[in-house]
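Next come the chains, spelled out residue by residue.
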Amino acid sequence: MADDGDEPGWREFFGFDAPYDQQADAIDAAIDAGERGGYLAMEGPCGTGKTMAALTAAAHHVRDTEDYERVLVVTPVKQQLEQFVADLRQMNAGLDDPLDGVALVGKRDLCPYGREDAFPPDSSVHDRCEDLRENTAGLVEGDDGQFDGQDARELTELRADEALDDPWWDPVLGRDLARSARADGDGRLDTGSLATADAESPYIPQQPSAPEDLAEGDPPLFCPFEADWYGRNKGSPVGFEEGRHNVATSEDFLPAAVEHGTCPHRVQQVMLDHAEVVIGNYNHLFDPKTRGLTEHLLDEQTFVIVDEAHRLEERVRDLLSDRVGRHTLARARNDLRTLLTQAKQSSQNREQVKDHLASYDLTLDTVERVVEFLGDVLEWLDDRVAEYLAEEGFSPNQPRGLPERDHEVPLRDPETDEPDDLTEWAEQNGYTGGLWRSLANVGSAVEAILEDDGERSAVCGAVGITLQRWWERDHATYFREIELEYAPKESGRAGAPWAETYTPALVTYNCMPARALRETFAELGGGVLMSATLEPLDVFREVTGLDRLEAGAGDGDPKPIVERRYDLRFPRENRASFLVDATPFTARNRGDPSPDNDNRTREEYRYVLRTVARSPGNVLVCMPNYREAEWAGKYLRGEVEKDVLVDESSSNEATEELKRKFFAGDGKVLVTSTRGTLTEGVDYDGEKLAACAVVGVPLVNVGSPRVRAVRRAYADAFGENHAFEYALTVPAVRRARQAIGRVIRGPEEVGARVFVGRRYVEGAPRSVHGYLGPAEREEFTRMTPEFLGPQLEHFWSNQD
């Protein structure tokens, strides 16, 4: 523990008796970075106390300085989100004036009707909710208001602290409308009420229709929860005190909102606007589609905490990539056809449609041209998929013979910066830049016109934006391809036989997220980026844009970057740490994982696997991929007197059930892929895990077109000599380190950690030893396979 001495200013916010030395240093470093408008990049293993350290520094910035108004925490791991909630509550328990905090969830988790499957089966929760919100907004319009149905979406998204001096809604109408849907209304004594999250609402179970005296024409369906929100002048009857120690999660405010009869999503929105600490996921900071909820918070008065920061590249790359499926393309074309059909119904309709389009500087001829274009794109897509399958040796007309896996169909050479096949085809057929640049405007205009007529399921706006970006974006940073998802169906939507097996999509893949990351961090005040596996920090700084941020690249001022590295602080004698100098476990050396393959490399690894698996207690074996995990699992079932569980790529429910089996009862062996979901973000605390072996370096498929394109982009950005290292090797070693980090989670825990393969050894060809943390390089002992057994036996005998 750190010596108290003269207590620093942040001490009142620290949630425990006294910080560890590492924690105190981390808090000071985070405060220093934040004071200078910069970032702390921190690697600290389990036991460092990173969560409380980051929250303590952030609380100091918000309460004791004028630099920051709020804290935004983002993490990609649900368990870590829960840890931030727990630590913030621990902090608040010692404060006379606790920090107001809220943990965010999506609309689907909060809509009472959606949670209880009260919407039509062919309607998404989001679309149905927007329909009801718009109807409700129209019904609560005041006599002197300025409500226009076309502006409903924008108006209903106004935040509570932006209420107009002369609001367009009438709170009395909102209250009357909500009251009309109560289950205890006249003639409704036996209807029951809508209940969800173990809470009973005041309203009938189904979406109600507006009373005739409050509606003109056919009474529309509306949302009484939304009406109640307007009745409260966009206020909330649920406050932060609903959550323990003023930290509210959906488990707190959802049932409370339901019982009050007000919209839980609006309650979350009001809390978000007034919270000092907001806890969410990466989407709330990096996803252009999701960050609309938090956009107004993302400024220089926000201190951000990015957890599991080693996953930034991977996760943000996916969030910034575009994907549009064939079915969605067809729906977009049908949206445009719907408008054209309306125009053909009568001369009056035609003039109305033309007037609508003219307000967007568009004509019917332009819409017709885009319909033609989308039809030709669909035909081109079908032909290109059939051509690819034939080139791969499969018959596109025989769906039963197609391979049961996903495919990537590259539309340019991943190694070169050149236009893709679709763009070239389009330009050769007269679809040039003028048309591509019009797609976003055409799609958005038609969607707005259709929605004004009550059509809420249009997708042409989003598709137009995506396709326009396809044409506009460069070909070095973004890689275009067709993605074929293996998704068997009874019949293909496209009409082609292969569509019974695959669902195709056009993908614009973001190979280089560093610029987007840098721009995001530049707009914030400062913060902490932390993980147990950030090393090498110089590489992390480059690939996340922090180096250029510190140098002042772009329009903003330079932001200093502070670095900290901390070692595992638990007793060293409680752990055995080995580097097994075995033949590299590469595809060339090991050959195919078939039962008949008895080559020397596999025999060497069989010995290592059974030696580690015979350790007492639970053992985690991490193989380079799921196919090798299946091989290892089959072998170990005949070699150890334990149950052997084998993980595979599956649903979250199946993975959770596998974990429950592994943790229950006597010791077992769990075999998985190092790149799977069981090797990070899972807390194997206590006696849940006694040993872990990571076999080989878990590189992704280096032959994948997408991976080759990423490597090319990294070569352009960081130099050819760093491309493979930055894009592939460093992320793979971080994966391996994450897996090894599952073993020791507390000061009393005992366990063995084993990296298996010569590439982990210092000085070996293509060694990754330098990518381990400094403490790991010093602590892990090299040995040849034959010495592993005696060393493990010696270690375990000393633990008795």
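Up top you'll find the structure we're talking about.
About the cut-offs
Residues numbered from 1 in each chain as written. Predicted model: local features only at pLDDT ≥ 70, side-chain atom pairs only at ≥ 80, totals over all residues. Heavy atoms only, no water. Salt bridge = Lys/Arg side-chain N within 4 Å of Asp/Glu carboxyl O. Helix = DSSP H or I, 4+ residues; strand = E, 2+ residues; numbered from the N terminus. Buried < 20%, exposed > 50% of the residue type's maximum accessible area, 1.4 Å probe, protein only. Pairing = 2+ DSSP bridges. Contact = heavy atoms within 4.5 Å. Axes fitted to C-alpha atoms, helices over the stretch in contact; angles between N-to-C directions. Phe/Tyr/Trp six-rings, centres within 6.5 Å; stacked < 30°, edge-to-face > 60°. Lys NZ or Arg CZ within 6 Å of the ring centre and 35° of its normal. Parallel < 35°, antiparallel > 145°, perpendicular 65-115°, else oblique. Left-handed = near helix turned anticlockwise from the far one by under 90°. Polar contact = N/O pair within 3.5 Å; in protein donor to acceptor, adjacent residues only side chain to side chain.

J.: Sorry, what's going on with the pattern of salt bridges here?
T.: If charged atoms from side chains of opposite charge come close, those side chains can pair. Per the counting criterion, the structure on display carries 57 salt bridges. Two residues, Arg291 and Glu523, come together in a salt bridge whose shortest N-O distance is 2.9 Å. On the criterion of sequence distance, the pair formed by Arg291 in the loop between helix 12 (283-286) and strand 8 (302-306) and Glu523 in the loop between helix 20 (514-522) and strand 13 (526-531) is long-range, its members being 232 residues apart. Overall, Glu523 belongs to the partly exposed group, its relative accessible area being 29%. One salt bridge connects Arg326 with Asp382, and the closest N-O pair in it is separated by 2.8 Å. Of this pair, Arg326 sits in helix 14 (residues 326-344) while Asp382 sits in helix 16 (residues 364-391); the two residues are 56 residues apart in sequence, bridging distant segments of the chain. On the basis of relative accessible area, Arg326 is assigned to the buried category, the value being 14%. Residue classification places Asp382 among the buried residues on the basis of a relative accessible area of 15%.

J.: Help me out: how do you make sense of unusual backbone geometry in this one?
T.: Across the chain, the bulk of peptide bonds are trans and the bulk of non-glycine residues have phi less than zero. Along the chain, Glu535 connects to Pro536 via a cis peptide bond; the corresponding omega equals -10°. By the element assignment, Pro536 lies in the loop between strand 13 and helix 21 (537-543). With a phi angle near 60°, Lys234 is a residue other than glycine that sits in the positive phi range. Its place among the elements puts Lys234 in the loop between helix 9 (224-231) and strand 6 (247-248). Exposure remark for Lys234: the relative accessible area of 1% places this residue in the buried category. Phi is positive for His245, close to 55°, though the residue is something other than glycine.

J.: So what exactly am I meant to see when it comes to the sheet that holds strand 3 (residues 101-103) here?
T.: By definition, the strands of a sheet pair up through backbone hydrogen bonds, in either a parallel or an antiparallel sense. Judged by pairing direction, the sheet is parallel, and its 8 strands sit side by side in the order 6-3-7-2-8-13-1-14 without closing on themselves. Each edge of the sheet is formed by a strand with only one pairing partner; in this case those strands are strand 6 and strand 14 (561-565). Sitting on the sheet, helix 2 (residues 50-64) is in contact with strand 1 (39-43), strand 2 (70-74), strand 8 and strand 13, with an inclination near 175° to strand 8.

J.: Hey, could you run me through the pairing of strand 12 (residues 502-510) in this one?
T.: Within a regular beta strand, the side chains point alternately toward one face of the sheet and then the other, so they alternate between its two faces. Summarising burial for strand 12: 8 of the 9 residues are buried, a large majority. Inspection of the sheet shows strand 9 (residues 322-325) paired to strand 12 by 4 bridges, in the antiparallel sense. Along strand 12, the bridge assignment pairs Asp322 with Thr508.

J.: Sorry if this is basic, but what is going on with the environment of Gly430 here?
T.: Its location among the elements puts Gly430 in the loop between helix 17 (421-428) and helix 18 (433-452). By relative accessible area, Gly430 is classed as partly exposed at 38%. Separated by 173 residues in sequence, Gly430 and Glu603 place their C-alpha atoms 61 Å apart.

J.: Any chance you could explain the packing of aromatic side chains here in plain terms?
T.: How two aromatic rings sit relative to each other is given by the distance of their centres and the angle of their planes. Enumeration according to the criterion identifies 28 aromatic pairs in this entry. Note on Tyr113 and Phe225: the rings are 5.7 Å apart at their centroids and 75° apart in plane angle, and the pair reads as edge-to-face. Of this pair, Tyr113 sits in helix 5 (residues 112-115) while Phe225 sits in helix 9, and the two are 112 residues apart along the sequence. Residue classification places Phe225 among the buried residues on the basis of a relative accessible area of 1%. Relative to Tyr684, the ring of Phe663 lies with its centre 5.6 Å away and its plane at 80°, an arrangement referred to as edge-to-face. Residue Phe663 is found in helix 26 (residues 652-663), and its partner Tyr684 is found in the loop between strand 18 (668-673) and strand 19 (691-695); the two are separated by 21 residues along the sequence. For Tyr684, a relative accessible area of 0% gives the class buried. Three or more aromatic residues joined by ring pairs form one cluster here, namely Phe373, Trp380, Trp425, Tyr431 and Trp436. Above the ring of Trp470, the side-chain terminus of Arg480 is found at 6.0 Å from the ring centroid. We note Arg569 situated over the ring of Tyr20; from NZ or CZ to the ring centre the distance is 3.5 Å.

J.: Would you explain the sheet that holds strand 12 in this entry?
T.: Spatially, 9-12-11-10 is the arrangement adopted by the 4 strands of the open sheet, whose pairing is antiparallel. Each having just a single partner strand, strand 9 and strand 10 (407-410) make up the two edges of the open sheet. Direction aside, the axes of adjacent strands within the sheet are offset by 25° on average. For strand 10 and strand 11 (residues 478-486), the ladder comprises 4 bridges, and the chain directions are antiparallel. Bridge pairing in strand 11 links His407 to Leu484.

J.: Just to check I follow, could you spell out the environment of Pro790 for this structure?
T.: By the element assignment, Pro790 lies in helix 30 (residues 785-797). When its relative accessible area of 47% is taken as the criterion, Pro790 is described as partly exposed. With 179 residues separating them in the primary sequence, Pro790 and Thr611 have C-alpha atoms 9.5 Å apart.

J.: Just checking my understanding: could you explain the environment of Glu314 for this structure?
T.: Secondary-structure assignment places Glu314 in helix 13 (residues 312-319). Between the alpha carbons of Glu314 and Cys511 there is a distance of 9.6 Å; along the sequence they are 197 residues apart.

J.: Would you explain the packing of helix 6 (residues 125-139) against helix 9 in this entry?
T.: Working note: a packed helix pair is described by the angle between its axes plus the distance between those axes. Where helix 6 contacts helix 9, the two axes come as close as 9 Å, and the packing angle between them is 45°. In terms of their interaxial angle, helix 6 and helix 9 are classed as oblique. Considering the relative orientation of helix 6 and helix 9, their crossing is right-handed. Touching Arg133, Thr136 and Ala137 of helix 6 are Glu226, Ala227 and Tyr230, all from helix 9.

J.: Explain the pairing of strand 8 to me, please; I cannot follow it from the model alone.
T.: For strand 8, a buried count of 5 out of 5 residues is recorded, marking the element as mostly surrounded by other parts of the structure. With burial as the criterion, each face of strand 8 is covered, one bearing Thr302, Val304 and Val306 and the other bearing Phe303 and Ile305. Inspection of the sheet shows strand 2 paired to strand 8 by 5 bridges, in the parallel sense. Note on strand 8: the bridge partner recorded for Val74 is Val306.

J.: How should the side chain of Glu43 be read in this particular structure?
T.: Along the chain, Glu43 turns up in strand 1. A polar contact of 2.7 Å, which involves the side chain of Glu43, links it to the side chain of Arg737. In this structure Glu43 touches Ser531, Ala532, Thr533, Leu534, Glu535, Arg564, Arg565, Tyr566, Arg737 and Gly773, once residues within four positions along its chain are discounted.

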